[in-house]
Amino acid sequence: APILFAAAKLLQEQMPDVGFWLPLAAPRYRRSLLQQASRAGIKVTVLDPQAMPSPHYALAAADLVLAKSGTVNLETALLSVPQVVVYRVHPFTYWLARHVLRFSVPFISPPNLVLMRPIIPEFLQKEAQAERVAQEGSELLTNPQRRAQLLQDYQQMRLMLGEPGVLQRAASEILKLLKT
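Summarised in this report is the structure supplied together with it. (Residues numbered from 1 in each chain as written. Predicted model: local features only at pLDDT ≥ 70, side-chain atom pairs only at ≥ 80, totals over all residues. Heavy atoms only, no water.)

## Here's the deal with the pairing of strand E2 (residues 44-47)
Pairing between strand E1 (residues 20-23) and E2: four bridges, direction parallel. Bridge pairing in E2 links Phe-20 to Val-44. (Pairing = 2+ DSSP bridges. Helix = DSSP H or I, 4+ residues; strand = E, 2+ residues; numbered from the N terminus.)

## As for the nonpolar core
Grouped together as the largest cluster of nonpolar side chains are 31 residues, with contacts concentrated most on Phe-5, Val-44, Val-86 and Val-133. In terms of residue count, helix H1 (residues 2-14) provides more of this core than any other element does, six residues in total. Among all residues touching Val-133, those that are not within four sequence positions of it are Ile-3, Ala-7, Leu-66, Val-84, Val-86 and Phe-123. Membership of the second largest hydrophobic core comes to five residues, among which are Leu-59, Ala-62, Ala-67 and Val-81. (Core = buried A, V, L, I, M, F, W, Y, C linked by side-chain atoms within 4.5 Å. Buried < 20%, exposed > 50% of the residue type's maximum accessible area, 1.4 Å probe, protein only. Contact = heavy atoms within 4.5 Å.)

## Topic: the side chain of Gln-125
Looking at where Gln-125 falls in the secondary structure, it is placed in the loop between strand E5 (122-124) and helix H7 (130-142). Not counting residues up to four positions away in its chain, the partners in contact with Gln-125 are Tyr-87, Arg-88, Val-89, Pro-91 and Tyr-94.

## So, the pairing of strand E4 (residues 83-87)
Extensive coverage of E4 is indicated by the burial of four of its five residues. Across four bridges, the pairing between strand E3 (residues 65-68) and E4 is parallel. Bridged to Leu-66 within E4 is Val-84. At this point the chain moves from E3, through helix H4 (residues 71-78), to the parallel E4, and the crossover so formed is right-handed. Judged from the three bridges that link them, E4 and E5 form a sheet pairing that is parallel. Considered in E5, the bridge of Val-86 is made with Phe-123. (Right-handed = clockwise from strand over helix to strand, strands pointing away.)

## A closer look at the layout of surface pockets
Considering only enclosed or pocket space, the largest pocket measures out at about 1,400 Å³ in volume. In terms of lining, the largest pocket is formed by 42 residues, of which the most central are Trp-21, Leu-22, Pro-23, Leu-66 and Ala-67. Of all the elements in the fold, those that place two or more residues in the lining of the largest pocket are H1, E1, helix H3 (56-61), E3, H4 and E4. Per-element tally for the lining of the largest pocket: the top contributor is H1, with six residues. (1 Å grid on protein atoms, 1.4 Å probe; cavity = no way out; pocket = protein on both sides within 12 Å on 5 of 7 lines; lining within 4 Å. Points joined across faces, edges and corners; volume = space filled by probe spheres on them.)

## Comments concerning the side chain of Gln-83
Secondary-structure assignment places Gln-83 in strand E4. You can call Gln-83 buried: its relative accessible area is 0%. Only 3.0 Å separates the side chain of Gln-83 from the backbone oxygen of Asn-73, close enough to count as a polar contact. A distance of 3.0 Å separates a polar atom in the side chain of Gln-83 from a polar atom in the side chain of Tyr-154. (Polar contact = N/O pair within 3.5 Å; in protein donor to acceptor, adjacent residues only side chain to side chain.)

Any functional reading would require information that these geometric values do not contain.
Here it is in structure tokens:
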């Protein structure tokens, strides 16, 4: 969160009219996140999950999403909203995953993993710096060619994911296998 709030502050300095929404996953995070936003010097509008008909409303209405890596990246891509992704874990956890567990993936965000190429900017560990996140975010907001390329990549990602209803089709296939 501190990196995302600092990046938001930089974007706000570049584009004074920009506004920020903060959709809460759970109300218990409200105070902590508001304190962090205040320390970063940005004003955010908190969106409580209970007050929205769907958690996707805020994503769908956004011009840009700054987020941690996870399911939200796939949801954001499916809604055709540009995004910048950050992911940091404790340095010891990172070291353990890389050196002991030998965990290695080329990307961390689901859209990039689906296509196995970098379609959305993602910053991991030491690369996750507010300046870089803000720079990429600004580029996605102001460069029409960059935005168009991202939307085209999202379309290719959708094709790779297949037609809607994949869970039903997979369940049907599994049931067929179990009956034989």
